[in-house]
Amino acid sequence: MSVETERSSTESSAASGLDFEDTALTLRLPGSSSSDTDRKRASTSDPSCRSPSAAASDSPPSPKYAARVVGWPPVRSYRKNALATAAASKFVKVAVDGAPYLRKVDLTAYAGYTSSTSYDQLLAALQDKFFSHLTFRKLGNQEMKLVDTVSGTEYVPTYEDKDGDWMLVGDVPWRMFVETCQRLRLMKSSEAVNLAPRAAR
Amino acid sequence: MTYFPEEVVEHIFSFLPGQHDRNTVSLVCKVWYEIERLSRRTVFVGNCYAVRPERVVLRFPNMRALTVKGKPHFADFNLVPPDWGGYAAPWIEAAARGCVGLEELRMKRMVVTDESLELLAKTFPRFRALILISCEGFSTDGLAAIASHCKLLRELDLQENEVEDRGPRWLSCFPDSCTSLVSLNFACIKGEVNAGSLERLVARSPNLRSLRLNRSVPVDTLSKILMRTPNLEDLGTGNLADDFQTESYIRLALAFDKCKMLRSLSGFWDASPFCLPFIYPVCAQLTGLNLSYAPTLDSSDLTKMISHCVKLQRLWVLDCIADKGLQVVASSCKDLQELRVFPSDFYIAGYSPVTEEGLVAISLGCQKLSSLLYFCHQMTNAALITIAKNCPNFTRFRLCILEPGKPDAMTNQPLDEGFGAIVRECKGLRRLSISGLLTDKVFMYIGTYAKELEMLSIAFAGDSDAGMMHVMKGCKNLRKLEIRDSPFGDAALLENVAKYETMRSLWMSSCNVTEKGCQVLASKMPMLNVEVINELDENNEMDENHGGLPKVDKLYVYRTTAGGRDDAPNFVKIL
């Protein structure tokens, strides 16, 4: 949406809240820029002037399409409904050592990516949402830590699984983690000595 | 041949393999027409509005099995508004009046009511098989009527229907005298069923070969049932979420061990990875496996299971399997003929852990592959060219790149060359769905090479009318063409109007067709119904390049002997 308003040339459309581009009848998708359309139409005539920004990247593209294009991707409603009820939200408590109260986070909000991306997203969300003074640091051998930049304290993310054991976050595939995780705890590194780091096992 | 007694001619006709051939012999002479129509047992109606039900029943009074299909395919994706049509009632009522020997009814994408099901159950004394696929409009009360009155019922197969749940009573309506069940599929029923009733029903059905349970059936019930059905060939499990005790796991394993005839497995509702190892012993004998409703299984769970399934011919999975999982499939399942990879997330569209690499791996390992449905994040021309060379036996090839209009991931080019290779190498291709960035060139390839193509699905593709014209000109066997969001207009629509009488139907939505073009088509071709479906009237004020005429939102064209239909809602205009 923001791309549209930047390109909008009429102030009145901004004032009315109606984006001119949005109401224009064109054959391109809502959310795509006109340069995409030109690229599509020019493809047979001059492939050399394709815009480099159209190159496919590895990062997931915006979710605009799914929300705005009816019937896309072409999947039966029956299937969508069946999978939606399977993936109901899962809110778990998050505790941080030393913080006066707990928070909750929905683990199902990070689905749809590779495991490592989902974990990154979860920790980034914890960092953004609750503890703005922490930074998220990922060490070379896949260990994840959060660091309080003010006091220098390191926190290790851990979770309690269905058997009641406290586990290091990040070892198992994302979906298994979501299924087995009962609660999260950001444990001070100094207390976490007994949780063997992944490399040491 | 006309000097043979009728019974002899009829007997000769009985060797004809399909409806197409029987239709042909009917045209030879009046005598043959009469003999054929009175001896026709199986009737297939591909479009319920192509012919009046009364006419079918009048012509084939002795039919035993009837198949009727209703809404166009794109109705699956919510592109057809509700109340558009496709009502089963006229068919069931006509059959009730003229064809009381009916035994089997198959319906797809139709609106079926409880009243119709009750009429069906009470009218046909020899009724034995009801198969409903992607239908709606009925409740479990209708099923209760079927269960109660169809004394000889062998098959009740409900696939992906929208069924209103009115409680578990329906399953208990099968009388104690009902012992004839061969196939029971209630996987799409949302509510609970009575476990005791289910177990007793299974216990008194010695011929049961196919059983598909719904999400509510717990593991212990499944185990008890499996102990009673050692001859089961096809099973859809109930709920396999992991909150059960160790004894339950053991009972489940013992039960599966008994089922030596099991060839096909599906269900896996909410399946937990912990229960999968108990199913491994059965994997080696499976030819069909559907894990596409188990989003809680990740790539390693899936591959561990599939690596045991060495005889697999048909596999349906979610994209959680990822490219590396597909490599395991390629090395384990050498007999694979059909693969479907579905997306697991619809709301973060555009990303999926499967890419062109997974499909290339499959094409290298599974050279018998003939049917594919593949949702993925990206594709390349090079991959498609490789796949086409490795698997020239494709009869069905459906590729859906999640982001509309996405180009080749490596070169940024359109995917014309890739799909061109597919249609060139796969000479037996009957069904094709294309996606990604595509110009008119891909349609030129399709028109040139896809001579056996019967069904083509197009979305967000092409540059101009020329694209559609290539297809209409070149694809001699085309029966169904469905297009959405592509720049084809009146010129393309009207280029080859006679062709529409050789096809079942044409669907065009969000294209550049105007009402004027549709009117011209309707006036030139009186044997077609030209349905203009415009849900919203407000859009028609602003138009771009079309001479001031409003664009048609949705267009559905089909050949028919029935004339305009009288059950159309007010947003459908039949020209």
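Residues numbered from 1 in each chain as written. Chains lettered and ligands numbered in written order. Predicted model: local features only at pLDDT ≥ 70, side-chain atom pairs only at ≥ 80, totals over all residues. Heavy atoms only, no water.

**Things to note about the overall build of chain B**
Applicable threshold: Numbered from the N terminus, helices here are DSSP runs of H or I no shorter than four residues, and strands are runs of E no shorter than two. Atoms counted for the radius of gyration: C-alpha only. Globule rule: 2.2 Å times residue count to the power 0.38. By the convention used here, residues are in contact when the closest approach between their heavy atoms is within 4.5 Å. To be clear on the numbers: accessible area is Shrake-Rupley with a 1.4 Å probe, and residue cover counts the displayed protein chains and nothing else. Only four residue types enter the tally: Lys and Arg on the positive side, Asp and Glu on the negative side, with His and both chain ends excluded. To locate a charge, take NZ of a lysine, CZ of an arginine, CG of an aspartate or CD of a glutamate.
Within chain B, the secondary structure is distributed over 21 helices and 23 strands. Compactness check: chain B gives a C-alpha radius of gyration of 25 Å against a globular reference of 25 Å for 575 residues, within 12% of the reference. Overall size of chain B, expressed as C-alpha extent along the three principal axes, is 75 × 65 × 55 Å. If you take every contact in chain B between residues at least 6 apart in sequence, the share linking residues at least 24 apart comes to 70%. Carbon and sulfur atoms provide 53% of the accessible area of chain B, an area that totals close to 22,000 Å². Across chain B, 65 positive and 69 negative side-chain charges occur, with their mean positions spaced 7 Å apart.

**Topic: the side chain of R22 of chain B**
Residues and elements named next belong to chain B. Stated precisely, the cut-off is as follows: A simple rule labels every residue: compare its accessible area, found with a 1.4 Å probe on the protein chains alone, to the largest value its type can have, and call it buried under 20%, exposed over 50%, or partly exposed in between. Polar contacts, as used here, are pairs of N or O atoms within 3.5 Å; protein pairs need one atom able to donate a hydrogen and one able to accept it. Residues neighboring in sequence count only if both atoms are side-chain atoms.
Within the element layout of this structure, R22 appears in helix 2 (residues 19-26). By relative accessible area, which is 11% here, R22 ends up buried. A polar contact of 2.6 Å, which involves the side chain of R22, links it to the side chain of E36. With near-sequence residues (within four places) excluded, R22 lies in contact with F13, S14, L16, E36, S39 and R40.

**Remarks on unusual backbone geometry**
Look at the link from W72 of chain A to P73 of chain A: it is a cis peptide, with omega at -5°. The residue P73 of chain A is located in the loop between helix 5 (64-68) and helix 6 (77-86) in this model. Positive phi, normally seen in glycine, also occurs at N412 of chain B, with a value near 70°. Among the structural elements, N412 of chain B can be located in the loop between strand 16 (396-401) and helix 17 (416-425).

**Description of the UniProt feature "domain: F-box" (unreviewed entry) in chain B**
Spelled out, the test is: UniProt positions are given in the numbering used here, feature names are shortened, and annotations may be inferred rather than shown by experiment.
Taking the UniProt record as the reference, the feature "domain: F-box" (unreviewed entry) is found at residues 4-45 of chain B. Secondary structure over residues 4-45 of chain B splits into 62% helix and 10% strand, and the C-alpha atoms at its two ends are 31 Å apart.

**Concerning the packing of helix 2 of chain B against helix 3 (residues 30-39) of chain B**
Residues and elements named next belong to chain B. Operational definition: Axes here mean lines fitted to C-alpha atoms, for a helix over just the part in contact, with angles spanning 0 to 180 degrees between N-to-C directions. Residue classes follow a fixed rule: Ala, Val, Leu, Ile, Met, Phe, Trp, Tyr, Cys and Pro count as nonpolar, while Asp, Glu, Lys and Arg count as charged, and any other residue, Gly among them, counts as polar.
In the contact formed by helix 2 and helix 3, the axes pass within 8 Å of each other and the chain directions differ by 150°. Between helix 2 and helix 3, the residues in contact are R22, V25 and S26 and W32, Y33, E36 and S39, respectively. Grouping the amino acids of the contact of helix 2 with helix 3 by side-chain chemistry returns three nonpolar, two polar and two charged.

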